[in-house]
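Residue-level structure breakdown
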Amino acid sequence: MIWFYQVTQGYFWIYTWLLISGFMIFMVMFYSSLIVPLFNKQTPLEQGELRDAIEAFSSQAGFQLDNVFVIDGSRRSTKANAYFAGLGAKKRIVLYDTLIKDLEVGELVAVLAHEIGHYKKKHARKGIAVALCQAGIMLFILSLFIANPLLSVALGAHIHSFHLALISFALLYSPLSTVMGLAMNSLSRRNEYEADRFAARHSSATALGSALKKLSVNNLSNLTPHPAYVFFNYSHPPLLQRLRAMATI
Ligand SMILES: [Zn+2]
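The present account deals with the structure reproduced in this document. Worth saying up front: this structure is predicted, and the values here are computed from it rather than measured. (Residues numbered from 1 in each chain as written. Predicted model: local features only at pLDDT ≥ 70, side-chain atom pairs only at ≥ 80, totals over all residues. Heavy atoms only, no water.)

Some words on the coordination of the zinc ion
Around the zinc ion, the donor atoms from the protein are His 114 (NE2), His 118 (NE2), Glu 192 (OE) and Glu 192 (OE), and they sit 2.0 to 2.7 Å away. With 4 donor atoms in place around the zinc ion and angles of 52 to 137° between them, the coordination shape is irregular. Between consecutive donor residues of the zinc ion, the sequence gaps follow H-x3-H-x73-E. In this pair, His 118 is assigned in helix 5 (residues 105–120) and Glu 192 in helix 8 (residues 162–202), connecting sequence segments 74 residues apart. Of the residues examined, His 118 reaches a relative accessible area of 13% and is grouped as buried. (Donors = N, O, S within 2.8 Å, 3.2 Å for Na, K, Ca; no water. Tetrahedral: all angles 85-135°; square planar, octahedral: opposite > 155°, others 65-115°. Helix = DSSP H or I, 4+ residues; strand = E, 2+ residues; numbered from the N terminus. Buried < 20%, exposed > 50% of the residue type's maximum accessible area, 1.4 Å probe, protein only.)

Here's what the structure looks like:
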């Protein structure tokens, strides 16, 4: 970034944004195939009851699914999870071995249906778009800070300094970043409800409900977090709210 600033002055934030955007998109596309293998082993899900059930579900939900992988999450943690990685043809569903150990086939399909719900509702793409915008806004505001010599003076310098402006930005940006974080969390919670609804409609609300209960036991989730705490910190709605929402479908 400093190099961009030295070369292009006021336009540095645009070049930095392009670079960061390229990096973010690269990471989203290749995280699962390049980074994860450094720490964990992913193997294609073997033939059997689970694979049959998953394939039956995805063809019925109209979802082309070629890559289902199992990751040896149990190597480092008892936490269970499932996620979608990659975009387009690179997309894959990754199930933790801990998840497969803890859940019944029906529950696993319901969890998968939730993940497919995220995909069908384009949550990943929207999430990336929002993150790119967020980075752009942040860098633009940074450029305003960098352009303002008063901030260096306020921190005790006699002349304008890029580095001091950067520090003042770090100090003053945090309230704004908190507000943006709140918006991101609220969006993420909405997406969770939407994915739950998709799973309830195409798979089974009962199976997803029992899977979520098992997961929250494993993850030692707080069952009754304070609503204000949820508002500020939770990217997923608490279990009880999710079960209630699904009961109304
Ligand atoms: Zn989700």
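Some thoughts on a positive patch on the surface
Among the surface-exposed residues, Lys 120, Lys 121, Lys 122, Arg 125, Lys 126, Arg 190, Arg 197 and Arg 201 lie close enough to one another that they form a single positively charged patch. Taken together, the elements giving at least two residues each to the positive patch come down to helix 6 (123–147) and helix 8. The element that contributes the greatest number of residues to the positive patch is helix 8, accounting for 3 residues. (Patch = residues over 30% accessible without salt bridge, like charges linked within 9 Å, V, L, I, M, F, W, Y side chains within 5 Å. Areas by Shrake-Rupley, 256 points an atom, 1.4 Å probe, with all protein chains shown as cover. Salt bridge = Lys/Arg side-chain N within 4 Å of Asp/Glu carboxyl O. Lys, Arg positive; Asp, Glu negative; His and termini not counted. Charge placed at Lys NZ, Arg CZ, Asp CG, Glu CD.)

Some details on the pairing of strand 3 (residues 82–85)
Burial of strand 3 is two-sided: the residues Ala 82 and Phe 84 facing one way and the residues Tyr 83 and Ala 85 facing the other way are all buried. As defined by bridge partners, strand 3 adjoins strand 4 (residues 92–96) across 4 bridges and the pair is classed as antiparallel. In the strand pairing of strand 4, Ala 82 is matched with Leu 95. (Pairing = 2+ DSSP bridges.)

Points about the packing of aromatic side chains
In the structure shown here, the tally under the stated rule is 16 aromatic pairs. Note on Phe 63 and Tyr 119: the rings are 5.4 Å apart at their centroids and 80° apart in plane angle, and the pair reads as edge-to-face. Highlighted residues: Phe 63 in the loop between helix 3 (49–60) and strand 2 (68–71) and Tyr 119 in helix 5, separated in sequence by 56 residues. Residue Tyr 119 is classed as partly exposed on the basis of its relative accessible area of 24%. One aromatic cluster is present, formed by Trp 3, Phe 4 and Tyr 15 through successive ring pairs. Positioned above the aromatic ring of Phe 69 is the side chain of Arg 92, whose terminal nitrogen or guanidinium carbon lies 4.1 Å from the ring centre. (Phe/Tyr/Trp six-rings, centres within 6.5 Å; stacked < 30°, edge-to-face > 60°. Lys NZ or Arg CZ within 6 Å of the ring centre and 35° of its normal.)

Looking at the side chain of Glu 192
By relative accessible area, Glu 192 is classed as buried at 5%. Among all residues touching Glu 192, those that are not within four sequence positions of it are His 114, His 118, Ser 235, His 236, Pro 237 and Arg 242. (Contact = heavy atoms within 4.5 Å.)

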